Amino acid sequence: MKTNVKITVNGTVYEREIEPRMLLVYFLREELHLTGTHIGCDTSSCGACTVHLDGKALKSCSMLAVQANGMSVTTIEGMANGEMHPLQKGFHEEHGLQCGFCTPGMIMTAADLLASNPNPTEHEIRESLEGNLCRCTGYHNIVKSIQHAAKEMQS
Amino acid sequence: MIPSQIAYQKPESLEEALNCVGDLGDMCKILAGGHSLIPVMKLRLADPENLVDITGIPGLKEISDAGDSISIGACATHADIANSRPIHSAAPMVSKAASMIGDIQVRNFGTIGGSIAHADPSADWPAVLLAADASINMQSRSGSRSVKASEFFLGLFMTALQTGEIITSIDIPKSAANANSNYEKFAQPASRFALVGCAVAADNSGDALADVRVAFNGVSATPFRDGGVESALTGSGLNDESISAACGVAADGVDVMSDHFASSAYRKSMAAVFAKRALKGLS
Ligand SMILES: Cc1cc2nc3c(=O)[nH]c(=O)nc-3n(C[C@H](O)[C@H](O)[C@H](O)COP(=O)(O)OP(=O)(O)OC[C@H]3O[C@@H](n4cnc5c(N)ncnc54)[C@H](O)[C@@H]3O)c2cc1C
Ligand code: FES
Ligand code: FES
């Protein structure tokens, strides 16, 4: 029993016929081939699958694609706009990634934080990453990368 | 992990939704944020044939001032609640608990109605709603009813909610006690669920404490008000001695949970520690 969905992803409207049980993360990765959104745990714990739904950070393994029908999704592929997003630059400058598996999720969560709190303290940054795990344990540089981006976005 | 096949519908009005869940009965599950239901469907611990998504119903997300109470729509997210100024002034423990749930991503989409319907013993809302003396408003196609939090939470994942009913809103009374309230939790470090959570509210505007309410989640299978701690504090002043004495009896006589995160003896002693912290935050 398939159903039609119309979901805007990174500004492009996609219409697809899908099974209602399809998770949003599989819709992005397997229907749209946007594989920048990773699946780390598949149990809502690691945050590697974080995207924005109508501007808010969401673990896309924890929502069905049909729930996003009519809404707008931003993935890591939608962050650069001709040039890298300040967060992408921050991770580059401050060595915020090692294997890079957690990075898309870290950047999407940090973008949600900076939208509501443009000048976060180090503590606030660390708290905001509660739902994102880095198996390489590079948290220290991840925090510095986000601070770097916050500074650039304010200037 | 992929859930079983399901049919999905998203009604556009409460009436349509009530008819859907009324017709489908046990063959459907209500879907709000999905942050409890989708994970259990992925594990195939829940296998509903139909999902009725209630997030398209107008008004169900609203937070409004109803005069002598604050009304929180069932589909208000934890983030909506954490950011609401009227809630913060009427009952600071409600804002604080909302801001401590899970992580940013979970708070953005998980709803208060979904959390209390799910009734996880380690969830944060139950103790807070008990201490706030909140009412839970439910509707079915044959009518509506309102139940006090103390009559809503019945046990492990068990509530007074019946098949065919949708929680529409939660009322938080405006009272001197709720305006002087606090929540503290000992979060399980990975999930942030409460190993122990304690919500307290007390009217301290007179000579002595009155209308004292102390409630726990995470401690036993059913969240509960702790009558022992409450009566020890009632009529006394709020100071280190009275708090220590009252917390000495925390969770006495309660069947305390034990699991691989915390034994029952440890949980019980943490109940006293977190009750103390919560009470010290009152003015
Ligand atoms: C990683 C992670 C961490 C979390 N950490 C915490 C935490 O620290 N503390 C905490 O308290 N919770 C935590 N949660 C749970 C979270 O708060 C859930 O969002 C919440 O429990 C369920 O809300 P929902 O809107 O997602 O409900 P759903 O998953 O959509 O539904 C849950 C249940 O409620 C029913 N339901 C939903 N809405 C209604 C309604 N209006 N009327 C009747 N029935 C309804 C559904 O049928 C289902 O049975 C966590 C979840 C995750 C994934
Ligand atoms: S894959 Fe979604 S949280 Fe880990
Ligand atoms: S950089 Fe490897 S998981 Fe974070």
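The structure presented is a predicted model; accordingly, all values stated were derived computationally and were not measured.

Criteria and thresholds
Residues numbered from 1 in each chain as written. Chains lettered and ligands numbered in written order. Predicted model: local features only at pLDDT ≥ 70, side-chain atom pairs only at ≥ 80, totals over all residues. Heavy atoms only, no water. Helix = DSSP H or I, 4+ residues; strand = E, 2+ residues; numbered from the N terminus. Rg over C-alpha atoms; globule rule 2.2 N^0.38 Å. Buried < 20%, exposed > 50% of the residue type's maximum accessible area, 1.4 Å probe, protein only. Contact = heavy atoms within 4.5 Å. Lys, Arg positive; Asp, Glu negative; His and termini not counted. Charge placed at Lys NZ, Arg CZ, Asp CG, Glu CD. Core = buried A, V, L, I, M, F, W, Y, C linked by side-chain atoms within 4.5 Å. Domains from an automatic or database assignment. 1 Å grid on protein atoms, 1.4 Å probe; cavity = no way out; pocket = protein on both sides within 12 Å on 5 of 7 lines; lining within 4 Å. Points joined across faces, edges and corners; volume = space filled by probe spheres on them. Nonpolar A, V, L, I, M, F, W, Y, C, P; charged D, E, K, R; others polar. Buried area = accessible area lost by both parts, 1.4 Å probe. Salt bridge = Lys/Arg side-chain N within 4 Å of Asp/Glu carboxyl O. Polar contact = N/O pair within 3.5 Å; in protein donor to acceptor, adjacent residues only side chain to side chain. Pairing = 2+ DSSP bridges. Arc of directions from axis to C-beta. Patch = residues over 30% accessible without salt bridge, like charges linked within 9 Å, V, L, I, M, F, W, Y side chains within 5 Å. Areas by Shrake-Rupley, 256 points an atom, 1.4 Å probe, with all protein chains shown as cover. Phe/Tyr/Trp six-rings, centres within 6.5 Å; stacked < 30°, edge-to-face > 60°. Lys NZ or Arg CZ within 6 Å of the ring centre and 35° of its normal. Near = heavy atom within 4 Å.

A closer look at the overall build of chain B
Part 1 of the argument: A tally of helices and strands in chain B yields 13 helices and 14 strands.
Part 2 of the argument: Against the compact-globule benchmark of 19 Å for 283 residues, chain B has a radius of gyration of 19 Å, which places it among compact chains.
Part 3 of the argument: Taken over the C-alpha atoms alone, chain B extends approximately 60 × 45 × 30 Å along its principal axes.
Part 4 of the argument: Among the 283 residues that make up chain B, the fraction classed as buried is 55%.
Part 5 of the argument: Taking contacts inside chain B between residues at least 6 apart in sequence as the whole, the part at least 24 apart equals 61%.
Part 6 of the argument: Measuring between centres, the 21 positive side-chain charges of chain B sit 6 Å from its 30 negative side-chain charges.

What to know about the nonpolar core
Part 1 of the argument: Counting residues in each nonpolar core, the largest one holds 41 residues, and the members touching the most others are V94(B), W125(B) and I172(B).
Part 2 of the argument: Of all the elements, helix α8 (residues 125-131) of chain B adds the most residues to this core, at 6 residues.
Part 3 of the argument: Counting contributing residues per domain, this core is built from domain 2 (63-173) and domain 3 (177-280) of chain B, each supplying no fewer than three.
Part 4 of the argument: Within the second largest apolar cluster, 33 residues are counted, among which are L23(A), L28(A), C61(A) and A46(B).

Considerations on the layout of surface pockets
Part 1 of the argument: Roughly 750 Å³ of internal volume is contained in the second largest pocket.
Part 2 of the argument: Along the wall of the second largest pocket there are 25 residues; nearest its centre are A82(B), N83(B), S99(B), I104(B) and R107(B).
Part 3 of the argument: Of all elements in the fold, only α3 (103-116) and α4 (122-128) of chain A together with α3 (78-82), α5 (92-100), α6 (104-109) and β11 (181-187) of chain B reach the threshold of two or more residues within the lining of the second largest pocket.
Part 4 of the argument: Classifying every residue of the lining of the second largest pocket by side-chain character gives 6 nonpolar, 10 polar and 9 charged.

A closer look at the domain arrangement of chain A
Residues and elements named next belong to chain A.
Part 1 of the argument: Domain parsing of chain A yields domain 1 (3-78) and domain 2 (86-154).
Part 2 of the argument: Across the contact, 18 residues belong to domain 1 and 13 residues belong to domain 2.
Part 3 of the argument: In total, domain 1 and domain 2 occlude about 1,100 Å² of area from one another, counting both sides; carbon and sulfur atoms represent 62% of this.
Part 4 of the argument: For the pair domain 1 and domain 2, the number of links is 0 salt bridges.
Part 5 of the argument: There are 6 residue pairs in polar contact (both at pLDDT 80 or more) connecting domain 1 and domain 2.
Part 6 of the argument: For the side of domain 1 that touches domain 2, the secondary-structure elements that each account for two or more residues are β3 (50-53) and β4 (56-59).
Part 7 of the argument: A class-by-class count of the residues in the side of domain 1 that touches domain 2 yields 6 nonpolar, 10 polar and 2 charged.

Examining empty space enclosed by the protein
Residue and element names in this part refer to chain A.
Part 1 of the argument: Tallied over the full model, the rule gives 1 cavity of 30 Å³ or more.
Part 2 of the argument: The calculated volume of the largest cavity comes to roughly 40 Å³.
Part 3 of the argument: Lining of the largest cavity is provided by G96, L97, Q98, C99, G100, F101, C102, C134, C136 and G138.
Part 4 of the argument: Class assignment for the residues of the lining of the largest cavity results in 6 nonpolar, 4 polar and no charged.

Some words on the pairing of strand β7 (residues 143-148) of chain B
Regular strands place side chains that alternate from one sheet face to the opposite one.
All names here are of chain B.
Part 1 of the argument: Across 6 bridges, the pairing between strand β6 (residues 135-140) and β7 is antiparallel. What sits directly across from N137, in β7, is S146.
Part 2 of the argument: Here β6 folds back onto β7 in antiparallel fashion, the turn holding 2 residues.

Details of helix α12 (residues 240-247) of chain B
Residues and elements named next belong to chain B.
Part 1 of the argument: Among the residues of α12, those classed as buried are S242, I243, A246 and C247. The arc that holds every buried residue of α12, seen down its axis, measures 125°, which confines them to one face. Among the exposed residues of α12, those oriented more than 90 degrees off its buried face are E241 and A245.
Part 2 of the argument: Elements that come into contact with the buried residues of α12 comprise α11 (227-233) and α13 (264-280).

Some points on a nonpolar patch on the surface
All names here are of chain B.
Part 1 of the argument: Together, M1, L43 and L45 make up an exposed nonpolar region whose accessible area comes to about 310 Å².
Part 2 of the argument: Looking at where L45 falls in the secondary structure, it is placed in the loop between α2 (37-42) and β3 (50-53).
Part 3 of the argument: Given the relative accessible area of 68%, L45 is considered exposed.

Details of the packing of aromatic side chains
Part 1 of the argument: Taken as a whole, this structure holds 4 aromatic pairs over all chains when the rule is applied.
Part 2 of the argument: Relative to Y266(B), the ring of F186(B) has its centre 6.3 Å away and its plane inclined at 70°; by these criteria the two rings are edge-to-face. One end of the pair, F186(B), is in strand β11; the other, Y266(B), is in helix α13, and 80 residues separate them in sequence.
Part 3 of the argument: The exposure class assigned to F186(B) is partly exposed, which follows from its relative accessible area of 23%.
Part 4 of the argument: The class of Y266(B) is partly exposed, set by a relative accessible area of 37%.
Part 5 of the argument: Above the face of the F109(B) ring, K56(A) is positioned so that its terminal group lies 5.9 Å from the ring centre.
Part 6 of the argument: Here the basic side chain of R277(B) rests over the ring of F274(B), its NZ or CZ set 4.6 Å away from the ring centre.

Re the site of ligand 1
Part 1 of the argument: Taken together, 33 residues are adjacent to ligand 1, and I30(B), H35(B), L37(B), T111(B) and R192(B) come closest.
Part 2 of the argument: Chain contributions to the surroundings of ligand 1 come from chains A and B.
Part 3 of the argument: For ligand 1, an oxygen atom lies 2.7 Å from a polar atom in the backbone of H35(B).
Part 4 of the argument: Within the backbone of F193(B), an N or O atom sits 3.3 Å from an oxygen atom of ligand 1.

Topic: the environment of D203(B)
All names here are of chain B.
Part 1 of the argument: In this fold, D203 is placed in strand β12 (residues 194-203).
Part 2 of the argument: For D203, a relative accessible area of 19% corresponds to the buried category.
Part 3 of the argument: Between the C-alpha atoms of D203 and A127, which are 76 residues apart in sequence, the distance is 18 Å.
Part 4 of the argument: There is a polar contact of 2.6 Å between the side chain of D203 and the side chain of S205.

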